[in-house]
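# Overview (structure and organization)
Now for the letters of each chain:
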Amino acid sequence: MIRRAKLIALAVAFVVAFGDGLTATAGTAAAAVGPLAPPAPISLSRGWQFLPDPHDSGLAGGWQGGRTGRGWRSVTVPHVFDGRPLPALFGGTVGWYRLHFRTPSTPDGFAWAIRFEQSRRFTRVWLNGRSIGGHDDPYTPFQLDLGALRPGAENTLVVRVDNRKGVEPREGWWNWGGLVRPVSLVPLGPVTVSDLGIMPDLACPTAGVCTGRVIVDAVVANRSPRTVTPTLQLSLTAPGASAASAQTSLLAPGTMRPGERANLRFSVPLDGPVQTWSPDRPSLYAARLETRDGSELAQVDQLAVGMRKVENRGGLLYLNGRQIQLRGASIEEDAPGRGPALTPADQDRVVEELRALHANVTRAQYPLSEGLLERLDRAGILVWTQAPIYNRDDLLHTAAQRAYALATLRGSVLATRNHPSVLTESVANELTPTPDTTPGTKAYIDQAVRLVRGLDPPVPVSIDVLSYPNYPAEKTYEQFDLLGVSNYYGWYTGKPGHLTSNKDGIAPFMRLAHARYPRQALVMSEFGAESSIQGPADEKQTFAFQTRYVQETLATVATLPFLSGAIYWTLREFAVKPRWNGGPPRPSIPRTSIHHKGLITYDGQPKPAFGVTAQLFAQTPLYRTPEMPIASPGPSSGGPPRGGDTLAWLVALGLCGLTAAGVAVSARGRRRAQSGKAGLLPRVD
């Protein structure tokens, strides 16, 4: 039995129903038969107006009332202030949004809240001229009660977003601003459930055969003015099942006083073997949680959940009882002209590109959007997800700074823990290589590990570390299940006493890491080289150098049997910061805002390294068996035929099944690529 922070008075009925006919949509409410049918959430994508405030005069001008300000223009949310990565825009500005809407009708006892999936960076919200709150974390969702609204009444919602940024915190992506993810109205019944987590906790003693339980974790609140006895009922529908069975578990009944909130966690065993989720078979169960106030239905939550077990066995990574080999590429949510305000087509394109790469994993340095995570769940692509605590040692000195970082981590885990694609929760990226002797960083890491284990107990906890040599072993890392290593040997030179200029240094470094941390699984969670020009393979910044870098790095990975995988940085180029200096000093190459390590250009053209990487990934089985030899796959045996174009070669090999919304190159673009004109891809000879 899981220990509860507080044993609350709830009757909890759990039903596992194996049948057909239930369609799950993550986080949605649904109408029910009966006298009280909770309304569904309402998307607020249209009807918005936007007004820039470059001089920050809106507050003094009374814009928060929604009636003043000139030049409001219509926009659709998600929306970014300005989708151009121009140096003059990087420092940030202030922008205002307003929306006029009528209060939807609701049953008695219901109210509304507004939920923002992401607003960058600092947000304040007014309803009908009255401040209702704000949020200062640019990477986690938040929700604000709208209070008592008259049904059918006209309302004005005003949102002020400020993305002005200083030197800190450091971030490895562009400083976008705006309501960059969806906004919705959320119904609030007399009893509510929030921060819902439905997490599989399995044991897989035989490869691919798992049994176990489901952990349900949530915050239950009594919003009504009376004492209530809530009931929670969870139904799971297995994919493709035709027979139906049910199992019920009942907690001690009791009551909740008006305004009372409590954490609830319970677990229920699953009968028999479960249909597991994996990249080769991404099976999804439909989960439906009904919350009742007596006999009345107060809330319905529906999610698609996957049953999978990710674990460290003896320093190796296993999925559902099978040793796995991760191969993939990281992603940034950045579409040209839209920045992180991705459309559904943008999200589809990301998945298509990963599939064309034969990736079984991707990685992100902040929680990905719900829509993209849902697509990755369905596609069977694992996600190394991470809280955006990047290079932030200078902001972890004080207890208040650490509390802010831990709140970001908490929001990151809550936003991602229902997704079977999530293989690990990483607490930070590239902090100091000496946390044992850096008190603030060590304190954050120690608290972060405990926090993640409490919020998402079945998932391995990880941290991404630098690969600088000549640093001592760190006891702090021994508490992790999984260590991700950023490898730039042969690309960056490192720093005095900790040089990384020799690409052959990565194998000794990884062997030393394995010797120091034999109980931790190891993954090369980042490696890459910039490319933007033609030239020989021994010259940095060339397409040929990048291609050879990938070949040689993956060949090295194949010789290290204790490594559980490698993730290239990144799938597609993205905006990072003005005058990005991620490559060697080349006076002839102007510095821009674009990070050029991507396998696909910012405007969607696959580089030569894309095809070679896809070929090597396709040659690597997802599962490793004991009899498999440990040997280098060797360099790729070929590239596009002489005189051919890259995309046609990829399509012929089945490596590039992309749609027009993805990276398909037009006939005109292919001709220009063959001619080697600036901004397009060279031919690989």
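Reading the values: rules and limits
- Residues numbered from 1 in each chain as written.
- Predicted model: local features only at pLDDT ≥ 70, side-chain atom pairs only at ≥ 80, totals over all residues.
- Heavy atoms only, no water.
- 1 Å grid on protein atoms, 1.4 Å probe; cavity = no way out; pocket = protein on both sides within 12 Å on 5 of 7 lines; lining within 4 Å.
- Points joined across faces, edges and corners; volume = space filled by probe spheres on them.
- Helix = DSSP H or I, 4+ residues; strand = E, 2+ residues; numbered from the N terminus.
- Nonpolar A, V, L, I, M, F, W, Y, C, P; charged D, E, K, R; others polar.
- Buried < 20%, exposed > 50% of the residue type's maximum accessible area, 1.4 Å probe, protein only.
- Contact = heavy atoms within 4.5 Å.
- Phe/Tyr/Trp six-rings, centres within 6.5 Å; stacked < 30°, edge-to-face > 60°.
- Pairing = 2+ DSSP bridges.
- Expected span 1.5 Å × (residues − 1).

### Some words on empty space enclosed by the protein
Counted by the stated rule, this structure contains five cavities of 30 Å³ or more. The volume enclosed by the largest cavity comes to roughly 200 Å³. Lining of the largest cavity is provided by 16 residues; of these, Leu 466, Tyr 477, Phe 509, Arg 516 and Tyr 517 occupy positions nearest its centre. Residue assignment for the lining of the largest cavity shows that the elements contributing at least two residues are strand E27 (461-466), strand E28 (482-487) and helix H5 (506-516). When grouped by side-chain class, the residues that make up the lining of the largest cavity number 14 nonpolar, no polar and two charged.

### Focus on unusual backbone geometry
Note the cis peptide between Val 77 and Pro 78, where omega equals 10°. For Pro 78, the location among the structural elements is in the loop between strand E4 (73-75) and strand E5 (94-102). With an omega of 0°, the peptide bond between Glu 168 and Pro 169 qualifies as cis. Positionally, Pro 169 belongs in the loop between strand E10 (154-162) and strand E11 (183-188). In this structure, Asp 56 takes a positive phi of about 55° despite not being glycine. Tracing the sequence through the fold places Asp 56 in the loop between strand E3 (48-52) and E4. Overall, the relative accessible area of 29% leaves Asp 56 in the partly exposed class. Residues other than glycine seldom take positive phi values, yet Glu 430 does so here, at roughly 55°. Tracing the backbone shows Glu 430 in the loop between strand E26 (422-429) and helix H4 (439-455). Judged by relative accessible area, Glu 430 falls into the buried class, the value being 9%.

### Re the side chain of Asp 293
Mapped onto the fold, Asp 293 is located in strand E18 (residues 285-293). Each residue touching Asp 293, except ones within four places of it in the same chain, is listed here: Pro 190, Val 191, Arg 226, Val 228 and Ala 298.

### Quick notes on helix H2 (residues 370-379)
Judged by how many residues are buried, H2 sits mostly within the fold: seven of ten residues are covered. Taken together, the buried positions of H2 are Gly 371, Leu 372, Leu 373, Arg 375, Leu 376, Asp 377 and Ala 379. Elements in contact with the buried residues of H2: strand E16 (277-278), strand E17 (281-282), helix H1 (344-356), strand E24 (361-363), strand E25 (382-386) and helix H3 (399-416). Two residues or fewer past H2, Gly 380 is found with a positive phi of approximately 75°.

### Quick look at the packing of aromatic side chains
This model, assessed by the stated rule, comprises 22 aromatic pairs. Ring geometry for Trp 63 and Trp 96: centres 5.7 Å apart, planes at 70°, overall edge-to-face. Placement of Trp 63 in the loop between E3 and E4 and of Trp 96 in strand E5 is noted, with a sequence separation of 33 residues between them. Taking relative accessible area as the criterion, Trp 96 reaches 0% and is therefore assigned buried.

### Looking at the pairing of strand E13 (residues 209-222)
Of all 14 residues making up E13, ten are buried, and the element is well covered by its neighbours. Pairing between strand E12 (residues 191-206) and E13: twelve bridges, direction antiparallel. Following the sheet pairing, Asp 201 is matched in E13 by Arg 213.

### Side note on the layout of surface pockets
Counted as a void, the second largest pocket has a volume near 1,000 Å³. Here the residues of the lining of the second largest pocket sort into 19 nonpolar, 15 polar and nine charged.

### Regarding helix H6 (residues 543-558)
For the α-helix, the turn length of 3.6 residues means that residues three or four positions removed from each other point alike. Counted at 1.5 Å a residue, the expected span for H6 with its 16 residues is 22 Å, and the 23 Å between its end C-alpha atoms agrees. Of all 16 residues that make up H6, twelve are buried, and the element is covered over most of its length. Listed in full, the buried residues belonging to H6 are Phe 543, Phe 545, Gln 546, Thr 547, Tyr 549, Val 550, Gln 551, Thr 553, Leu 554, Ala 555, Val 557 and Ala 558.

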